[in-house]
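# Structural features, examined
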Amino acid sequence: MSAAHMQHLDPNRRSGESREFEAALRKKIVGQDEAIGALVDIYQVFRAGLHSPGRPVSNLLFLGPTGSGKTRIVEAMGEILFGDPHAVIKVDCAEFQHSHEIAKLIGSPPGYLGHRETHPLITQEALAQYHTDTVKLSLLLFDEIEKASDALWQLLLGILDKATLTLGDNRRVDLSQTLIFMTSNLGGADISTLMSGGLGFVQPSDKPSDKMDTKVERTATEAAKRKFSPEFMNRIDKVVVFHPLRPAQLEQVLDIELDLVQRRVLDTAHGQFVFRLTRAARDFLLREGTDIKYGARHLKRAIERHVVYPLANLLSTGQILIGDVLSIDWDAATQQLSFARTGESTLVTMAPPAALFAAQAVSTWGGRAIEIPAQANARETQSPVAAPAPPAPAPVAASRRRHDPER
Ligand SMILES: Nc1ncnc2c1ncn2[C@@H]1O[C@H](COP(=O)(O)OP(=O)(O)OP(=O)(O)O)[C@@H](O)[C@H]1O
Ligand SMILES: [Mg+2]
């Protein structure tokens, strides 16, 4: 071909689909660019059908401190591709420390006592159960591999190399359409020492962050090389080191998690209200749920305990109603979060079924029919509006459906 006909191509351009995949991952995962990049690369290769045959789609080892998103990113991939965070077969290696427990994974040979009762975790059907017409990729996660028994290691080595697994009853499982993740927080303790400035290291804030990143990476990979055999390390396609989340990133994680709670609230049949947290309330949750050592590990639990449980109480005692705007603040006196209704929101979602509504009203008001004020009614049937109205003072009039049993 003459030079005039040569068309230069752009090998770095990604398909729209994989750009969407990346954007979706970034919405769920804070930081961890290297991990996101690795998953997008792999996804693109898989969708193009160019992954090597006879091997897993890829073997990835995720290292780094606890609570930095190693497990979360795998669940996020399940959510994005299959609409379900549980679209992942997860093997907690700590549960298979004794070699005989391997039967839970692959089933026991025929003739063994209890053979029929064992349902192997990794089967062809289990791997295929989340496949869609367009995405026939399976996700298999081995969590905390440093805790695996020798028998599990042998099994893992076979899978990583040949993409096949032989079950107890000799059935063969083909894992060539499977993406294998292994996580370990090996070196995690060293990394948090590094981050908190122990062992003579300078405080992270005094350091350019890329230097710290290099150090974190080296610490993790060296720990892995010390612990894992060369034959294992040679089967890994990519080692990704997750970084400890910085305070600003932990705050972003808090936003993501609170957003999920808000969405849960808006999805309930009778409790669509909006809540807002003050700065002090957010800081309290960050103190309770995150730290340099545990990352975002306890954030969800803190949110459940301090936000979700109280919201459930408020809802079930009728103290919050549809369309309310709730302000969540921190009360220094009780050292707890405090909840106040600050007004009504124009953020209105679908009206709940009328029958349910009526039944509720009747039961709480001893059979007396309640008239729903026209204004409130209108709020409830409007289509969703993005922004809530500015908070108005809480009306005292008992004309609303508020049914505080204490009154
Ligand atoms: N980078 C992140 N982006 C978004 N959420 C995160 C991130 N890191 C942690 N989280 C939040 O913290 C929780 C715990 O994180 P995750 O389970 O991924 O930790 P991990 O790195 O697997 O730790 P471990 O080594 O202890 O298993 C997640 O469920 C998620 O809510
Ligand atoms: Mg994990």
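All of the points below concern the structure found in this document. Computed from a predicted model, the values in this text were never measured in an experiment. (Residues numbered from 1 in each chain as written. Chains lettered and ligands numbered in written order. Predicted model: local features only at pLDDT ≥ 70, side-chain atom pairs only at ≥ 80, totals over all residues.)

## Let's talk about the overall build of the protein
Looking only at helices and strands, the protein has 14 helices and 10 strands in total. Counting every position in the protein, which comprises 407 residues, the buried fraction comes to 30%. Within the protein, contacts between residues separated by at least 24 positions form 74% of all contacts whose residues are at least 6 apart in sequence. (Helix = DSSP H or I, 4+ residues; strand = E, 2+ residues; numbered from the N terminus. Buried ≥ 20, exposed ≤ 12 C-beta atoms within 10 Å, placed from the backbone. Contact = placed C-beta atoms within 7 Å.)

## Brief notes about the packing of helix α10 (residues 247–267) against helix α12 (residues 299–316)
Remark: α10 packs on α12, axes separated minimally by 11 Å, with the N-to-C direction vectors making an angle of 35°. When the axes of α10 and α12 are compared, the crossing they make is right-handed. In this structure, α10 contributes V253, L254, E257, L258, V261 and V265 to the contact, and α12 contributes L299, K300, I303, V307, V308 and L311. A breakdown of the residues in the contact of α10 with α12 according to their chemical character gives 10 nonpolar, no polar and 2 charged. (Axes fitted to C-alpha atoms, helices over the stretch in contact; angles between N-to-C directions. Left-handed = near helix turned anticlockwise from the far one by under 90°. Nonpolar A, V, L, I, M, F, W, Y, C, P; charged D, E, K, R; others polar.)

## A closer look at the sheet that holds strand β7 (residues 238–241)
In space, the 5 strands of this open sheet follow the order β2-β3-β6-β1-β7, with parallel pairing throughout. The outermost strands of the open sheet, each flanked by one partner alone, are β2 (89–92) and β7. Taking the axes of each pair of neighbouring strands and ignoring which way they run, one obtains an average angle of 20° across the sheet. Across 4 bridges, strand β1 (residues 58–63) lies against β7 in parallel orientation. Across the sheet, L61 pairs through a bridge with V239, a residue of β7. On top of the sheet, helix α2 (residues 33–47) reaches β1, β6 (178–184) and β7; it is set at about 150° to β7, its chief contact. (Pairing = 2+ DSSP bridges.)

## A few points about the site of ligand 1
Around ligand 1 lies a shell of 23 residues, among which T66, G69, T71, R72 and A296 are the nearest. Sorting the residues of the shell around ligand 1 by element identifies α3 (70–82), α10 and α12 as the ones contributing at least two each. The residue inventory of the shell around ligand 1, partitioned by class, reads 8 nonpolar, 10 polar and 5 charged. The two domains that each donate at least three residues to the shell around ligand 1 are domain 1 (16–244) and domain 2 (248–381). (Near = placed C-beta within 6 Å. Domains from an automatic or database assignment.)

## Focus on the pairing of β2
The alternating pattern of β2 places I89 and V91 on a buried face, while none of K90 and D92, on the opposite face, is buried. Both β2 and strand β3 (residues 138–143) contribute to a ladder of 4 bridges, which runs parallel. When the bridges of β3 are listed, I89 appears paired with L140.

## Let's talk about the packing of helix α11 (residues 279–289) against α12
It is the contact of α11 with α12, at a shortest axis distance of 8 Å, that shows an interaxial angle of 130°. What the angle tells us is that α11 and α12 run oblique. Here α11 and α12 pass one another in a crossing that is right-handed. In this structure, α11 uses L285, E288 and G289 to contact α12, whose residues at the interface are L299, R301, A302, I303 and H306. Grouping the amino acids of the contact of α11 with α12 by side-chain chemistry returns 4 nonpolar, 2 polar and 2 charged. (Parallel < 35°, antiparallel > 145°, perpendicular 65-115°, else oblique.)

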